[in-house]
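# Examination of the molecular architecture
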Amino acid sequence: MAAPLYAWPWEVLGSCKVVVYGFFLAKALYSRYQEESMKDAWSLHIFIVCMLRLLMYQAWTSYSNMLFLTRNRQIVKKGVDFTQIDKEWNWDNFILLQALVAGVALYIFPTSATLAVWNKTGITTAIALHVAISEPLFYTIHKSFHGNYLFTNYHSLHHSSPVPQPYTAGHATFLEHLFLTVVIGVPIIGSFAVGHGSIILIYGYVLVFDLLRCLGHSNVEIVPHQLFEIVPFLKYIIYTPTFHSLHHTEMDSNYCLFMPLFDALGDTLNTKSWDMHKKNSLDSGKNGRVPDFVFLAHVVDLSSAMHAPFVSKTFLVSFYNLRNRLHQTWTVPRFGFQYFLPFAAEGINKQIEEAILRADRLGVKVISLAALNKNEALNGGGTLFVQKHPNLKVRVVHGNTLTAAVILNQIKDASEVFLTGATSKLGRAIALYLCKKGVRVLMLTLSTERFRKIQKEAPADCQKNLVHVTKYQAAQNCKTWIVGKWITPREQNFAPSGTHFHQFVVPPVSPYRRDCIYGNLAAMKLPEDAEGLGCCEYTMKRRVVHACHAGGVVHSLEGWTHHEVGAIDVDRIDLVWEAALRHGLKPVTTIINY
């Protein structure tokens with residue numbers, strides 16, 4: 001059973017708790033409509049302050065996750081994983097709590113006085129009260145919560161997050177945030193009590209308070225060490241991300257709110273604080289650890305673009321660790337539709353080439369190309385770059401061998417399949433593999449020449465299993481469709497009821513038929529020992545990556561020294577599949593809902 005005041009009173013509301021903010025806005029709008037006394041303007045101020053606070057934490061978190069800016073400034077060199085994300089999901093509870101406390105206080109102690117916009121004496125009073133009361137009060141309470149009972153039953157929740165981030169600041173129990181509400185309220189209430197309150201004071205103090213809390217939990221060292229060398233005493237006035245990060249890792253020092261002076265006075269100042277801060281500050285100008293593997297992704301559509309900062313050059317989006325190997329995802333800042341514009345091809349290839357050369361200079365071992373980055377018409381499945389730069393040390397991998405393996409292992413007991421995109425790299429490999437297994441493959445293509453070329457690659461006794469078709473009507477009795485080229489709802493209608501659509505087309509086709517099954521893009525689940533993975537790839541579930549990504553992972557783990565570009569070696573499909581399973585990658589069957 002949880003300790004008293006551990007849980008939040010509105011946990012049962014879930015995400016519906018945000019409706020409470022609407023009450024403040026509704027009250028303010030109603031007050032304005034009825035032209036009541038100015039006291040109801042407080043409801044509007046409470047609402048605006050809450051929205052600004054939420055925006056503050058979101059902005060800081062977004063900045064912390066812009067790895068192309070912050071990777072060399074990170075203090076804890078780990079990623080925020082899904083476990084931590086789930087734990088901190090309700091990080092914003094404290095903002096709602098403080099809004100409700102403010103609303104109740106104003107209801108009990110109503111005021112009709114006109115609120116001043118600015119009062120210099122009030123600002124000075126608030127600063128004095130913060131230093132004299134809020135700082136020592138927080139220090140004392142915080143240190144107490146590191147005692148056995150309070151830590152075990154309350155404060156351990158806050159410290160359960162292995163990687164500090166701005167949201168971590170709000171990840172604590174109801175009791176702890178009641179105390180924090182007192183801490184943040186003292187300077188504001190005190191200033192108003194002596195008659196020097198103002199609107200600027202409320203907005204300014206609360207937002208600066210949040211800014212400093214976000215700073216301390218950001219896990220990004222942005223405070224230059226030179227600042228403390230120029231003004232030595234300043235290091236006792238304002239803490240740094242490194243200072244507070246030490247508290248999270250060692251937990252027996254650095255208890256202060258924002259001013260290390262109180263740790264110095266209480267003899268709880270971590271002696272490594274300044275040296276570590278200087279080291280982290282200096283290291284920000286150096287390149288960090290070189291990744292062992294890079295997955296070179298691209299933006300697909302507007303929804304996927306919302307999950308990453310959009311810049312003009314290829315940039316780092318995410319990372320995770322697997323068996324002491326650093327894996328990173330870089331993104332080419334181009335949308336999916338741009339890959340099909342003839343005039344854009346040269347620019348896209350230049351972006352991909354520069355990313356490969358950068359990986360080569362850094363010492364990356366393997367770089368895997370995402371779907372459209374290895375488009376046959378664009379660069380021959382990566383062949384263009386390998387031929388242009390024959391001395392590359394980094395291995396360029398399209399990952400299509402494993403993609404083919406994943407699709408082929410989803411097809412069980414099929415005697416006949418219908419294949420669109422039949423003459424593409426994947427289409428060719430799938431057709432040749434299946435025909436050798438005795439499966440009849442209806443290959444949809446208008447090019448007899450390309451069909452004949454693929455058919456001649458098959459063993460003589462298997463060539464009869466490859467059938468050239470030019471219309472979708474040819475598959476009216478085939479319930480296994482392998483889709484490598486976009487098909488419209490009209491074309492889907494030619495499939496019989498119960499058809500399973502397997503896909504390797506990007507983006508995947510829209511599910512139109514209720515009586516059919518639509519598989520997602522080929523994918524595999526990363527091994528259980530992958531650490532720090534906290535974001536999902538396009539259309540994929542947690543810890544699941546596209547097969548071409550997984551193919552690069554296998555290439556890296558196996559230590560293979562060849563490039564995997566151009567045509568797929570059909571004879572290696574089973575070998576790559578077995579290697580993937582041996583390394584702990586798991587096949588997944590994902591279905592797109594109608």
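Because the structure is a prediction, the values reported are computed rather than measured. (Residues numbered from 1 in each chain as written. Predicted model: local features only at pLDDT ≥ 70, side-chain atom pairs only at ≥ 80, totals over all residues. Heavy atoms only, no water.)

### Observations concerning the pattern of salt bridges
Summed over the entire model, instances satisfying the criterion amount to 19 salt bridges. Across the salt bridge formed by D283 and K286, the nearest N and O atoms sit 3.5 Å from each other. On the accessibility criterion, D283 (21% relative accessible area) is partly exposed. Residue classification places K286 among the partly exposed positions, given a relative accessible area of 49%. In this structure, R428 engages E457 in a salt bridge whose closest nitrogen and oxygen atoms are separated by 2.9 Å. Of this pair, R428 sits in helix α19 (residues 425–436) while E457 sits in helix α20 (residues 448–457), placing them 29 residues apart in sequence. (Salt bridge = Lys/Arg side-chain N within 4 Å of Asp/Glu carboxyl O. Buried < 20%, exposed > 50% of the residue type's maximum accessible area, 1.4 Å probe, protein only. Helix = DSSP H or I, 4+ residues; strand = E, 2+ residues; numbered from the N terminus.)

### Topic: the pairing of strand β4 (residues 366–369)
Looking down a regular strand, the side chains alternate between one sheet face and the other. With burial as the criterion, each face of β4 is covered, one bearing V366 and S368 and the other bearing I367 and L369. When strand β1 (residues 293–298) meets β4, the two strands line up parallel, connected through four bridges. Among the inter-strand pairings, L296 is bridged to a residue of β4, identified as L369. Direction of pairing for β4 relative to strand β5 (residues 395–397): parallel, over a ladder of three bridges. Following the sheet pairing, I367 is matched in β5 by V396. (Pairing = 2+ DSSP bridges.)

### Section: the nonpolar core
Ranked by size, the top nonpolar core spans 59 residues in total, and within it L402, L434, L466, I482 and I573 carry the most contacts. Take this core: its biggest share by element is eight residues, from α19. Ignoring anything within four residues of it in the chain, the contact list for I482 reads I407, I411, V417, F418, L419, T420, I430, L434, H502 and F504. (Core = buried A, V, L, I, M, F, W, Y, C linked by side-chain atoms within 4.5 Å. Contact = heavy atoms within 4.5 Å.)

### Quick word on helix α11 (residues 241–250)
For α11, the tally of buried residues reaches eight of 10 residues, placing the bulk of the element in the interior. Looking at the buried positions of α11, the neighbouring elements they touch are α6 (120–144), α9 (199–217), α12 (261–265) and α13 (273–283). Taken from the residues just after α11, M251 is the one with a positive phi, measuring 65 degrees.

### With respect to the environment of Q84
Take Q84: it is sitting in helix α4 (residues 82–87). Of the residues examined, Q84 reaches a relative accessible area of 2% and is grouped as buried. Residues Q84 and A132, spaced 48 residues apart in sequence, show a C-alpha to C-alpha distance of 35 Å. With near-sequence residues (within four places) excluded, Q84 lies in contact with S161, P162, V163, Q165 and T168.

### Here we look at α20
Residues of α20 that are buried: F451, I454 and Q455. Down the axis of α20, the buried side of the element spans an arc of 105 degrees, and every buried residue falls inside it. Opposite the buried face of α20, by more than 90 degrees, sit the exposed residues E449, K453 and K456. (Arc of directions from axis to C-beta.)

### A closer look at the pairing of strand β10 (residues 500–503)
Where strand β9 (residues 480–483) lies against β10, four bridges are found, and the strand directions are parallel. Within the sheet, the bridge partner assigned to T480 lies in β10 and is H500. Bridging between β10 and strand β11 (residues 517–521) involves three bridges; their strand directions are parallel. Bridge assignment links Q503 to a residue of β11, and that residue is L521.

### A few points about the packing of aromatic side chains
Enumeration over the complete set of coordinates arrives at 25 aromatic pairs. With 5.3 Å between their ring centres and 70 degrees between their planes, W8 and F174 make a pair best called edge-to-face. Of this pair, W8 sits in the segment before α1 (19–34) while F174 sits in helix α8 (residues 174–193); the two residues are 166 residues apart in sequence, bridging distant segments of the chain. Of the two residues, W8 and F174, neither departs from the other in class, the shared state being buried. Note on F501 and Y518: the rings are 4.8 Å apart at their centroids and 15 degrees apart in plane angle, and the pair reads as stacked. Of the two residues, F501 is situated in strand β10 and Y518 in strand β11; the sequence distance between them amounts to 17 residues. (Phe/Tyr/Trp six-rings, centres within 6.5 Å; stacked < 30°, edge-to-face > 60°.)

### Focus: the side chain of H217
Of note, H217 is situated in helix α9. Every residue in contact with H217, bar those within four places of it in the chain, is listed here: H158, P164, Q165, P166, T168, A169, H244 and H248.

### Some details on the UniProt feature "domain: Very-long-chain aldehyde decarbonylase CER1-like C-terminal" (unreviewed entry) in the protein
With numbering matched to this structure, UniProt assigns "domain: Very-long-chain aldehyde decarbonylase CER1-like C-terminal" (unreviewed entry) to residues 417–587. In this annotation, residues 417–587 is assigned 28% helix and 20% strand; the end-to-end C-alpha distance for the span is 21 Å. (UniProt positions renumbered as here; feature names shortened; annotations may be inferred.)

### Re the state of the cysteines
Overall, the coordinates contain zero disulfides when judged by the stated rule. Unpaired in this structure, C214 has its nearest cysteine sulfur neighbour in C50, at a distance of 15 Å. Not part of a disulfide, C516 finds its nearest cysteine sulfur in C478, a span of 12 Å. Taking relative accessible area as the criterion, C516 reaches 10% and is therefore assigned buried. (Disulfide = S-S within 2.5 Å.)

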